[in-house]
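Chains, contacts and geometry: an overview
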Amino acid sequence: MDTKRKLLNSREAAEYLGLSLSYFRKLMMRRVIPMYKPGGKVCFFDPDDLNAYLTSIRISSQTEIEDEATNYLANNKLNH
């Protein structure tokens, strides 16, 4: 049986995300990141939730934007 803990405490989660503990606590207060709070005191974080937070907003590269624009223009010229 694997007894290794999967959940991280606040300090570990902040380090995992590369954030200062104080900024991470602000995110906690704003409920930006899902957390588990057994017993109502200590908070724990699932690395899967932290990964989802990290990848929640993706900004396209300039090449991707140009490709999308080219495809859009090509498709709209064909439809008109």
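It should be noted that the structure appears before, not after, this text.
Bear in mind the structure is a predicted one, so any value in this text is a computation, not a measurement.

With that out of the way, let us pick up the environment of leucine 50. Assignment of secondary structure puts leucine 50 in helix H3 (residues 47-54). Accessibility expressed as a relative area gives 0% for leucine 50, which makes it buried.

This part is about the packing of helix H1 (residues 10-17) against helix H2 (residues 21-29). Look at H1 against H2: their axes get within 9 Å of each other, and the N-to-C directions meet at 105°. Classed by the angle they form, the pair H1 and H2 counts as roughly perpendicular. Of H2, the residues touching H1 (which contributes Ser10, Arg11, Ala13, Ala14 and Leu17) are Leu21, Phe24 and Met28. When its residues are assigned to classes, the contact of H1 with H2 shows six nonpolar, one polar and one charged.

What follows covers H1. Taken together, the buried positions of H1 are occupied by Ser10, Ala13, Ala14 and Leu17. Relative to the axis of H1, the buried residues are bounded by an arc of 100° and lie together on one face. Turned more than 90 degrees from where H1 packs its buried face, Arg11 and Glu15 sit exposed. Here the buried face of H1 lies against H2 and H3. Measuring from the side-chain oxygen of the N-cap residue of H1 to the backbone nitrogen of arginine 11 gives 3.1 Å; that N-cap residue is asparagine 9.

The next thing to look at is the environment of proline 47. By secondary structure assignment, the location of proline 47 is in helix H3. With a relative accessible area of 16%, proline 47 lands in the buried category. Taking the C-alpha atoms as reference, proline 47 lies 12 Å from tyrosine 36; in sequence the two are 11 residues apart. Proline 47 has contacts with Lys6, Leu8 and Tyr16, leaving out every residue within four places of it along the chain.

On to the nonpolar core. Here is a general trend for soluble globular proteins: nonpolar side chains tend to be buried in one another's company. Counting 12 residues, the largest nonpolar core consists of Leu8, Ala13, Ala14, Leu17, Leu21, Phe24, Leu27, Met28, Ile33, Cys43, Phe45 and Leu50. Every element with two or more residues in this core is listed here: H1 and H2. Broken down by element, the residue count for this core peaks at four residues, all from H2. For methionine 28, the contacting residues outside a window of four places in its chain are Ser10, Met35, Cys43 and Phe45.

Scoring rules and cut-offs
- Residues numbered from 1 in each chain as written.
- Predicted model: local features only at pLDDT ≥ 70, side-chain atom pairs only at ≥ 80, totals over all residues.
- Heavy atoms only, no water.
- Helix = DSSP H or I, 4+ residues; strand = E, 2+ residues; numbered from the N terminus.
- Buried < 20%, exposed > 50% of the residue type's maximum accessible area, 1.4 Å probe, protein only.
- Axes fitted to C-alpha atoms, helices over the stretch in contact; angles between N-to-C directions.
- Parallel < 35°, antiparallel > 145°, perpendicular 65-115°, else oblique.
- Contact = heavy atoms within 4.5 Å.
- Nonpolar A, V, L, I, M, F, W, Y, C, P; charged D, E, K, R; others polar.
- Arc of directions from axis to C-beta.
- Polar contact = N/O pair within 3.5 Å; in protein donor to acceptor, adjacent residues only side chain to side chain.
- Core = buried A, V, L, I, M, F, W, Y, C linked by side-chain atoms within 4.5 Å.

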